[in-house]
Amino acid sequence: MLDYESLPSVITVEITAFDGDLFSNPGILTVNLQNVNEAPVFTLAEYNFNVYGSKAGQVVINNLTQFASDPDQNDVLTFLIFPSNPNFFINPSTGAISFTSDYPSSLPKLIRLPVVARDLGNLNDLANITVRINDTNQPPVLTNLPERVQVLENTASGTTVFTVSSQDVDGGDTITYTMQAVNTATQLFSISSAGVISVKSGIILDYESLPSIFYLTIRAFDGQLYSTPANLTIQLINVNEAPRFNPSQFSFTVNEGKAGQILVPSLITYIIDEDANEQFTFSLVPGTNSDRFSIDQSTGAIRFSADYDTDPNRAPNQVTLDVLVRDTGLGFSTGKITLSISNVNQVPMFTNLPKEVQISPDTPAGTVVFTVSFSDPDSLDTLTLNGMFTNTVSSNSFSFNQINGELKYLGLVSIPGHVLQCTLSDGKVTTTAQLNILVYQDPQVTTTLVPTTTTASRELLITNLPQTITIAENVQSQTIVFKVTTSNAVTSPLSFQLQHLNTGDLFAINNDGDVYVTNGAVLDYESLPTLIYLTITANNGAVSSKPVNLTVRLSNVNEPPKFNQSLYSFIIGDAKLGDDLTQTLIPYINDPTSKLFSLASTTYAQYFAINPTTGAIRLATNPPLLPKQVNLTVIVQDSSIGGQTSTAVISLFMNLPPRFTNLPSTVTIPSDTRPRDAIFTVQTTDPNPGDILTLRLITSQSKFGLGSITNDVFVQLGDSFSANESYIIEFSVSDGQKLVNSALTVHVYIPAKTITEIPTSLTTKPTVVDPKTTTSNTVTDSNDSLPLLERPWAITAIIITAVLVPTLIILVAVIICKRRNGHDDRFS
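Below is a short write-up of the structure. Worth saying up front: this structure is predicted, and the values here are computed from it rather than measured. (Residues numbered from 1 in each chain as written. Predicted model: local features only at pLDDT ≥ 70, side-chain atom pairs only at ≥ 80, totals over all residues. Heavy atoms only, no water.)

### What to know about the overall build of the chain
Then, in step 1: The secondary structure content of the chain amounts to 4 helices and 60 strands.
Then, in step 2: Total accessible area on the chain is roughly 45000 Å²; 53% of this is exposed by carbon and sulfur atoms. (Helix = DSSP H or I, 4+ residues; strand = E, 2+ residues; numbered from the N terminus. Areas by Shrake-Rupley, 256 points an atom, 1.4 Å probe, with all protein chains shown as cover.)

### Description of the sheet that holds strand S37 (residues 417–425)
Then, in step 1: Spatial strand order, S31-S38-S37-S34: 4 strands in an open sheet with mixed pairing. The sheet is open, and its two borders are formed by strand S31 (355–359) and strand S34 (384–389), each paired with just one other strand. Between one strand axis and the next, the sheet turns by 25 degrees as a mean value, whatever way the strands run.
Then, in step 2: Note that S34 and S37 share 6 bridges and pair antiparallel. (Pairing = 2+ DSSP bridges. Axes fitted to C-alpha atoms, helices over the stretch in contact; angles between N-to-C directions.)

### Some words on a nonpolar patch on the surface
Then, in step 1: Together, Ile800, Leu804, Leu808, Leu811 and Ile815 make up a nonpolar patch on the protein surface, roughly 470 Å² of accessible area in all.
Then, in step 2: Assignment of secondary structure puts Leu811 in helix H4 (residues 792–826). (Patch = residues over 30% accessible without salt bridge, like charges linked within 9 Å, V, L, I, M, F, W, Y side chains within 5 Å. Salt bridge = Lys/Arg side-chain N within 4 Å of Asp/Glu carboxyl O.)

### Regarding the packing of aromatic side chains
Then, in step 1: Taken as a whole, this structure holds 22 aromatic pairs when the rule is applied.
Then, in step 2: On the basis of an interplanar angle of 90 degrees and a centroid distance of 5.9 Å, the ring pair of Phe252 and Tyr270 is categorised as edge-to-face. Here Tyr270 lies in the loop between strand S23 (262–264) and strand S24 (271–272) and Phe252 lies in strand S22 (residues 249–255), a separation of 18 residues in the sequence.
Then, in step 3: Considering the side-chain rings of Phe704 and Tyr727, the 5.5 Å spacing of their centres and the 70 degrees angle between planes classify their relative orientation as edge-to-face. Taken together, the positions of Phe704 in strand S57 (residues 704–706) and Tyr727 in strand S59 (residues 725–734) put the pair 23 residues apart, joining distant regions of the chain. Each member of the pair, Phe704 as well as Tyr727, is classed as buried.
Then, in step 4: Positioned over the ring face of Tyr226 is Arg219, at 4.1 Å from the centre of the ring. (Phe/Tyr/Trp six-rings, centres within 6.5 Å; stacked < 30°, edge-to-face > 60°. Buried < 20%, exposed > 50% of the residue type's maximum accessible area, 1.4 Å probe, protein only. Lys NZ or Arg CZ within 6 Å of the ring centre and 35° of its normal.)

### Concerning the sheet that holds strand S32 (residues 367–371)
Then, in step 1: In spatial order, the strands read S32-S36-S35; together these 3 strands make up an open sheet with antiparallel pairing. Across the chains shown, the open sheet's two edge strands, defined by having one partner strand only, are S32 and strand S35 (398–400). Here the average twist between neighbouring strands, direction ignored, is 25 degrees.
Then, in step 2: Note that S35 and strand S36 (residues 406–409) share 3 bridges and pair antiparallel. Bridging across to S36, Phe400 finds its partner in Leu407.

### Observations concerning unusual backbone geometry
Then, in step 1: Omega for the peptide link from Asn246 to Pro247 comes to 0 degrees, which places this bond in the cis form.
Then, in step 2: Its location among the elements puts Pro247 in the loop between strand S21 (244–245) and S22.
Then, in step 3: Cis geometry is adopted by the peptide bond preceding Pro354, which originates at Leu353 and carries an omega value of 0 degrees.
Then, in step 4: You can see Pro354 is positioned in the loop between strand S30 (349–350) and S31.

### Examining the side chain of Ser732
Then, in step 1: Checked against the element boundaries, Ser732 lands in strand S59.
Then, in step 2: Dropping the residues within four chain positions of it, Ser732 is found in contact with Phe660, Thr694, Leu695, Arg696, Ile698, Leu739, Val740 and Asn741. (Contact = heavy atoms within 4.5 Å.)

### Some details on the side chain of Glu278
Then, in step 1: Locating Glu278 in the fold gives a position in the loop between S24 and strand S25 (281–285).
Then, in step 2: Arg326 provides the closest opposite charge to the buried, salt-bridge-free Glu278, at an N-O distance of 11 Å.
Then, in step 3: Among the polar contacts listed, one links the side chain of Glu278 to the side chain of Thr328, at a separation of 2.4 Å. (Lys, Arg positive; Asp, Glu negative; His and termini not counted. Polar contact = N/O pair within 3.5 Å; in protein donor to acceptor, adjacent residues only side chain to side chain.)

### Digging into the nonpolar core
Then, in step 1: In this structure, Val484, Phe507, Val515, Ile536 and Leu550 are the most contacted members of the largest nonpolar core, which totals 27 residues.
Then, in step 2: Breaking this core down by element, the ones donating at least two residues are strand S39 (467–472), strand S40 (480–483), strand S41 (495–500), strand S42 (507–509), strand S43 (514–517), strand S44 (531–539) and strand S45 (548–555).
Then, in step 3: Setting aside residues up to four positions removed in sequence, Phe507 forms contacts with Ile471, Val481, Leu498, His500, Val515, Tyr516, Val517, Thr518, Leu523, Ile532, Leu534 and Val552. (Core = buried A, V, L, I, M, F, W, Y, C linked by side-chain atoms within 4.5 Å.)

### Concerning the pattern of salt bridges
Then, in step 1: Under the defined criterion, the tally for this structure stands at 7 salt bridges.
Then, in step 2: Close ionic contact of Glu274 with Arg244 constitutes a salt bridge, the shortest N to O distance being 2.6 Å. Of this pair, Glu274 sits in the loop between S24 and S25 while Arg244 sits in strand S21; the two residues are 30 residues apart in sequence, bridging distant segments of the chain.
Then, in step 3: For Asp677, the salt bridge identified is with Arg674, shortest N-O distance 3.1 Å.
Then, in step 4: Among the residues examined, Asp677 registers a relative accessible area of 27% and is labelled partly exposed.

### What to know about the environment of Arg696
Then, in step 1: Along the chain, Arg696 turns up in strand S56 (residues 694–697).
Then, in step 2: Arg696 sits 37 residues away from Val733 along the chain, and the two C-alpha atoms are 6.4 Å apart.
Then, in step 3: A distance of 2.2 Å separates a polar atom in the side chain of Arg696 from the backbone oxygen of Thr160.

Just distances and angles here, no functional claims.
Here it is as structure tokens:
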């Protein structure tokens, strides 16, 4: 582009010819660039200005030179209104426009002035200046204050609390807002220029430490005048805050031990709850090894639920427990407690000592007459067994193998009584026990004579042993299972001794010979040997009987399945219809046989279902109301005939999300809907009773508002619709933990009688709207607001049509008649 203003005025070009082989000598072409006058240019085709008042000499526009330019340097522009308007004067140099006299009130308030910018070469450009004449500026009016709103404590920073709206009769004014506070509210809340009041960034609305009521004084400002101040009262609503562990994870080092041993005395000191005077309830969340522990619901004290041995083959030495704590408001959280359980070295023990064995001197030499058995609860310990006789005679009569514990009879017996002192060591702890060996002469070959008694009178026999009896498992303590009878001929009372050969002390015998179950013994078929061997000896004060065996056979009895605990707690994240809320319950049952799970008929059970095979619980239907803690009673039944059962309470902690009951939806409204008229009422509900719901309008457009109390959707003051159009209004509802969104679609239609026509521009230049340079909202001709049939040109067209159409009809009828008459005359 040859632009005189940006290029040199003389341009030199070197030209060379070429014939395909040779180049000519270069020649010089000099081009003198001459300046041509270019027309000035307005930056836009349309400008809009508002003016308040219309007195003579009052300036409407200060300067137009900022909107017009000329490409030619040092060109001088002259401004004029063309055609001229007697009510306005324009400064030809600056383009400043002012009233020539007081503007008559009878004339239109919307005037379009065609303004020409002309340079010294008489080239010009045209722009339309639209002036809206307003009466004396009136202050804006707050339309939705005073008001009282509620805000939940702990509402997030940036959350909108309230949106102030106002009305200004002086159309086109830009309204901003200011806020003052009676107390500390300005430190907590901020107001934007658009009137949006929100929680300040970084602020925590803590009900316990802040006032419960805040008072804000709001004013609207149109650039010149303030509105009458009005108050917004904000009430801070207390929300139950869940207790929490501080820290969320902590560890304890404890020793292994017996059932009931306290590991953690209390967890209350580790709990923080912002709500005063709360009482806490603790429970263990089911998990790996959690059944080995119990927790006090009131204090959180943790104990072993059964004897705990950290031997690698029995129990781990580190366990992490998930502990749930809830307060009286049913708020809850969990913490992780890691227990490092130290192994305590346990004493090795003889399992069949101390004991007394009796052998006949006729026993063949080399016979193993007894085997010492032993064990160590610590499976990794290495045990050392030693045995020593108390005299050398015994060493000649018996041999003891310190590897396998076998005692052999050598046959060289000279004394009836022998004592083997045994020691057992795991390298840290040593235990001792004694084996008494009695070599007795068979009574049938006894040669010793006692003058005062007979052999029969000296012998004491147990007459109904040896014998094997069968008893059912789980027989109660103190139950007599057998009665021993003897051949006692002596009047002195009898006494009995009973020894267990392969178990602990499960049975005892009284002086009447009654064998009974010892107090506290549990005859469990699943954990004890099927055959229990007992040795019984009788004594009448003079002689003792031979030890004889009583064998007890345990028979299995069907037992009901049992839960390891009576209460289990599960924290549910998202409770979705059909999803499993809990894992299988089989690990919490002590019966290995097949089971059948079912739910007892309790409150809210109708909304849940349970897998009869695994016990997994799921949400079966959407409940209308559901507390945050639901207790379900689970019944477990075994597969045997008779179907014995047991129960446990499954406590589900869950927060179901709130719901919109009438969204998404669509409404249709006319364009002349009045501001503040409700067009829709948003309805919400929450399955969890007691939840406080917060409904918010989150759409980005501002033509619609939401009532803070009624939840009515309405058209904002000052907003209007100019065409058939649709809007999507988005809403959110929150219960403080879960947030749900939905939308309302609004279709706007313009009734036929109010459709307006776009007025023709005073210039043929295309209109370009630049939001950066437009000084106010675009306005239209005053006739644009009239209905179509009430506009002057429309009325004129209707009148002309009403006159011309009948005239044309009559004229056509006359012509047809004349032609028909002429035809008749010609052929008559």
